Each structure stands twice: as C-alpha cells, then as structure tokens.
Amino acid sequence: MTPSFVHLRCHSEYSLVDGIVRVKPLIKKCLDYNMPAVAITDQVNLFAAVKFYKAAMGSGIKPIIGADLWIKNPDDVARPFHLILLCQDQLGYHNLTELISRAFQHGQEAGKALVHYQWLTQETCAGLIALSGGLQGDIGHAFVAENKDLAASRLAKWQSLFPQRFYLELHRTGRPREERYIHFACELAAAHDIPVVATGDVRFISEDDFNAHEARVCIHDGYVLDDNRREKRYSPEQHLKTPEQMCELFSDIPSACANTVEIAKRCNVEIELGKVCLPNFPIPDGDTIDTYFRRVSHEGLQQRLDILFDRETEEFPETEKEYQARLDEELDVILRMGFPGYFLIVAD
C-alpha cells in the first residue's frame, strides 16, 4: 500500500509547555493507521529522541527526529517565531543538537530557550529540512501584519539557508486566519517555486484528549480553565488524524500531503544505542582525566574541611584522614566505572 500522508509535526509529553502525546500510544496509532513513518518535533528539545527511536524501530515505523524551535523575534521576545527542523542525516542531527544546546546556554530570554537568527548559517543548517511553522512562523507573522514584501524577503532568506529543503507549512485545525493564510502561502509558493506541506500540528492523540491538553497548557501558563482572559491557542482538531482524514482535509492541495511522504523518505538518521557518549572535558597539560579528577576532588575536599572544621584542633588530623579515605574510596569506584568526565562536566 502506497503511503498517502505522514505526520511531521507532533509534540510529545516531553514538550513540557504544550504536548501530551505519549510515545508508545503514538507508535500504536501509527500501526493502526498503516503509517510507515512519523516525526516527533518537541519544543526546543530532543528529550524523547531515544525512547521514540527505540519504540518506532521496534515496531517497524520509521522515526523522524526533529524539533520545533523558537526563533528570537527582535520585535517581541515574548512571542518568538516557530521553525520546525527535521534531521535529514547524521550531520543534521548533530547540527540540531548544537542549535538546541546553544539556545539553552546562550539564548534564554523571557523563560524560553531561543535560537538567534545569526546562529543559522548554511553550515549550521546543513542536513536539516525546514518547515516554516505556518501562522506561527516569521512568514506567518508577516502575513498577519499584511506585509507581503516582508514575507517574500523572509522566504528568500530561508531558501538560501535551506536550498531545496524549505517548505511552507499549512494547517487546517479550525483556528483563526488559517484559510486566508493558506491562500496567501500557496500564492507565495507558486510565485517563488517553493513546495508546501501539510501538518496536523499534533498536540494529543485523540480528540477526547483536548481538555486534558488544555489543563496542561493552563498549568504551564498559570491560568485556570474557565479564565476568560487566557489566550486559547489550540483547538480540538490538533489530534492525530488518519492519513485519509488529512488527505480529505487537503483534497484541494494534494501536493501538501504528497510532500509529507517525500520528506519522510529524505529523513534517514541512525542513533547508536548502548554506547556512552560524553563530551571531552578539557584537561590541563600534564594531567590525564583520572589524575585531574582526583586532584580537583581533593582540592574541593580541603575547601569543605576549611568550612566544616577548625584545623587547629587536636583531633583534626584524624578527621582529615578519615574524610580523605572515604573520598578515595568513592573516586576509585567512579574511575573503575569510567565516569570521571561525567562528574567533571556536572561540576562545570
């Protein structure tokens, strides 16, 4: 059976702000729907990647690894743009992890880990396929502002960063302005020879899960469900629809569904499991990681002893000897297990 649609934008329970899709039920639904592949694109994280990869591969479903990034909005930090990146290959996976790490280390603003535009170059975007984010993307924001020139210039920028790898994303989830945006996006795509792609912008599996999802969002945003002041950003239509439902929904734009299958074919990432992978911690010349770990641990112990005890007392030498023996025992265990680098990274 030839696949007709693949979900490329799903937020799992690891999207702590707005997703309640659980990995195993997602894979089961994909099997029920005869979908050969599915993507999880959590909000600025890859927390679900290993669990998702193992569950999907174990069930014969192709896992597509990606993330829904927040791109810093220079005009409103509180309302960043969305950009969905899908890993096409190992290089793309590496680049996505680098972008997410950089967002958490250097892009924290207004409680969000933001990616800055200047971090996106042809080098850092290599191996990645980009979806525009629909109305939540920067092109969507330009549409809302009724600025066609700005939308076209932003599209040109994304084309240069993702040549043959950028898609204008379309949604039909019953939210305001979607139909007008679809007409705008299709015209823009035709004018600039850019493909469009349909996504369900999935946040939960069953339509019955909508209220539970709204509760999750309220917990994060600090509202109660019946607060009339809260912004309602989601709809019951953001459940995991069948391929047939999605194709019917976009029957007037068949290429938007066909392109989901083509994107799925282009995404091929293999995650090596069962191997500990830690960054190389910088070690001073003349030291090995083991000797350096022992040295800084004993230096730290001496600093703690200065706080806890009076070195001038008669019993201090025996106390110090006892603490050093306990520390050496712990260090021996850590070194035998091969984890000095992990402890140095955590300490840093």
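About the thresholds
- Per chain, residue numbering runs from 1 following the sequence as it is written.
- Totals for whole chains, interfaces and linings use all residues, but because this is a predicted model, local features are given only for residues with pLDDT of at least 70 and pairs of side-chain atoms are given and counted only at 80 or more.
- Based on all heavy atoms of the structure, the side-chain values leave hydrogens and waters out of the count.
- Going along the chain from the N terminus, every DSSP run of H or I of four or more residues is numbered as a helix, and every run of E of two or more is numbered as a strand.
- Only protein chains enter the area calculation, which uses a 1.4 Å probe; residues under 20% of their type maximum are buried, those over 50% are exposed, and those in between are partly exposed.
- We call two residues in contact whenever any of their non-hydrogen atoms come within 4.5 Å of each other.
- The protein chains shown are the only cover counted for residues, whose accessible areas, like all others here, come from Shrake-Rupley with a 1.4 Å probe.
- His residues and chain termini do not enter the charge count, which takes Lys and Arg as positive and Asp and Glu as negative.
- Working definition for charges: the position is that of NZ of Lys, CZ of Arg, CG of Asp or CD of Glu.
- Note that the arc is defined by the directions from the helix axis to the C-beta atoms.
- Residues belong to a common nonpolar core when they are buried Ala, Val, Leu, Ile, Met, Phe, Trp, Tyr or Cys residues joined through side-chain atoms within 4.5 Å.
- When a carboxyl oxygen of Asp or Glu lies within 4 Å of a side-chain nitrogen of Lys or Arg, that pair is called a salt bridge.
- At least two bridges found by DSSP between two strands is the condition for calling them paired.
- Axis definition: a line fit to C-alpha positions, over the contact stretch in the case of helices; interaxial angles, taken between N-to-C directions, run 0 to 180 degrees.
- We call a crossover right-handed when, viewed with both strands directed away from the observer, the connection leading from the first strand over the helix to the second proceeds clockwise.
- A helix is expected to span 1.5 Å multiplied by its residue count minus one.
- Side-chain atoms alone can form a polar contact between residues adjacent in sequence; in general such a contact is a pair of N or O atoms within 3.5 Å, and within protein one must be able to donate a hydrogen while the other accepts it.

Trainee: Sorry if this is basic, but what is going on with the overall build of the protein chain here?
Mentor: A tally of regular secondary structure across the protein chain gives 12 helices and eight strands. Scored against the burial criterion, the 348 residues of the protein chain give a buried share of 47%. Long-range contacts, defined here as pairs at least 24 residues apart, represent 74% of the contacts in the protein chain between residues at least 6 apart. Accessible area of the protein chain: about 18000 Å², with a carbon and sulfur share of 51%. In the protein chain, 37 side chains carry a positive charge and 52 a negative one; their mean positions are 5 Å apart.

Trainee: How should helix α12 (residues 340-347) be read in this particular structure?
Mentor: Side chains that are three or four residues apart share a direction in an α-helix, a result of its 3.6 residues per turn. Of the positions making up α12, those classed as buried are P340, G341 and L344. The arc that holds the buried residues of α12, viewed along the axis, is 95°, so those residues lie on one side.

Trainee: Any chance you could explain the nonpolar core here in plain terms?
Mentor: I139 and F166 are the most contacted members of the largest nonpolar core, which totals 72 residues. The element contributing the most residues to this core is helix α6 (residues 178-192), with six residues. The residues touching I139, leaving out its near neighbours within four places in the chain, are A151, R154, L155, W158, F166, L168, Y181, F184 and L188. One finds I64, I129, A264 and C267 within the second-largest nonpolar core, a separate group that totals 15 residues.

Trainee: Would you mind going over the pattern of salt bridges with me for this structure?
Mentor: Note on pairing: side chains with opposite charge can pair once their charged atoms come close. This model, assessed by the stated rule, comprises 24 salt bridges. E231 is paired through a salt bridge with R79; the nearest N and O atoms lie 3.5 Å apart. Note that E231 is positioned in the loop between α7 (210-221) and α8 (243-249) and R79 in the loop between β2 (62-71) and β3 (81-87), a separation of 152 residues in sequence. R79 gets classed as partly exposed once you look at its relative accessible area, which sits at 45%. Each of R9, D18, D68, E169, R175, E178, D201 and R203 takes part in a single network of salt bridges with overlapping partners.

Trainee: Which parts of the structure should I look at to understand the sheet that holds strand β1 (residues 37-43)?
Mentor: Note on sheets: strands pair through backbone hydrogen bonds, and any given pair is parallel or antiparallel. With mixed pairing, six strands are arranged side by side in an open sheet as β1-β2-β3-β6-β7-β8. In this open sheet, the two edge strands, each paired with only one partner strand, are β1 and β8 (196-198). Neighbouring strand axes in the sheet, compared pairwise and without regard to direction, differ in orientation by 35° on average. Bridging between β2 and β3 involves six bridges; their strand directions are antiparallel. Bridging from a neighbouring strand, L69 pairs with L83 of β3. Packing of helix α2 (residues 49-58) onto the sheet brings it into contact with β1 and β2, and relative to β2 it is tilted by some 155°. Against the sheet, helix α9 (residues 254-266) makes contact with β1, β2, β3, β6 (128-131), β7 (166-170) and β8, and its axis sits at roughly 90° relative to β8, the strand it touches most.

Trainee: What am I meant to see in unusual backbone geometry here?
Mentor: One can expect most non-glycine residues to show negative phi and most peptide bonds to be in trans. Positive phi values are uncommon outside glycine, yet A110 reaches one of about 50°. With respect to the helices, strands and loops of the structure, A110 is situated in the loop between β4 (108-109) and β5 (112-113). By relative accessible area, which is 59% here, A110 ends up exposed. One non-glycine residue, Q164, adopts positive backbone phi at about 60°. Tracing the backbone shows Q164 in the loop between α5 (148-161) and β7.

Trainee: What is the right way to look at the pairing of β1 in this model?
Mentor: Every other side chain in a regular strand lies on the same face of the sheet, so the side chains alternate between the two faces. In terms of burial, β1 is largely enclosed, as seven of its seven residues are buried. A crossover links β1 with its parallel partner β2, the connecting element being α2, and its sense is right-handed.

Trainee: Mind showing me how you'd approach the environment of E320 here?
Mentor: Tracing the backbone through its elements, the reader meets E320 in helix α11 (residues 316-337). For the pair E320 and A49, spaced 271 residues apart in sequence, the C-alpha to C-alpha distance is 46 Å. The residues contacting E320, other than those within four sequence positions of it, are Q302, L305 and R311.

Trainee: I tried to follow α11 on my own but got confused; where do I start?
Mentor: The terminal C-alpha atoms of α11, which comprises 22 residues, lie 32 Å apart, in line with the 32 Å expected from a rise of 1.5 Å per residue. Those residues of α11 that are buried lie in contact with α10 (289-308) and α12. Just downstream of α11, G338 is the residue with a positive phi angle, here 80°.

Trainee: In this structure, what is going on with the pairing of β7? I would like to understand it.
Mentor: Burial analysis of β7 places five of its five residues in the buried class, which makes it a mostly covered element. Burial of β7 is two-sided: the residues F166, L168 and L170 facing one way and the residues Y167 and E169 facing the other way are all buried. Bridge count for β6 against β7 is two bridges, and the pairing is parallel. Its bridge partner being in β7, A130 is matched across the sheet by F166. One ladder, built from three bridges, connects β7 with β8; its direction is parallel. Opposite E169, over in β8, you have V197 as the bridge partner. In this fold, the crossover linking β7 to β8 by way of α6 has right-handed handedness.

Trainee: Sorry if this is basic, but what is going on with the side chain of H239 here?
Mentor: Tracing the backbone through its elements, the reader meets H239 in the loop between α7 and α8. At a separation of 3.1 Å, a polar atom in the side chain of H239 contacts the main-chain carbonyl oxygen of P236. If we skip the residues at most four places from it in the chain, H239 touches V202, F204, I205, S206 and E207.

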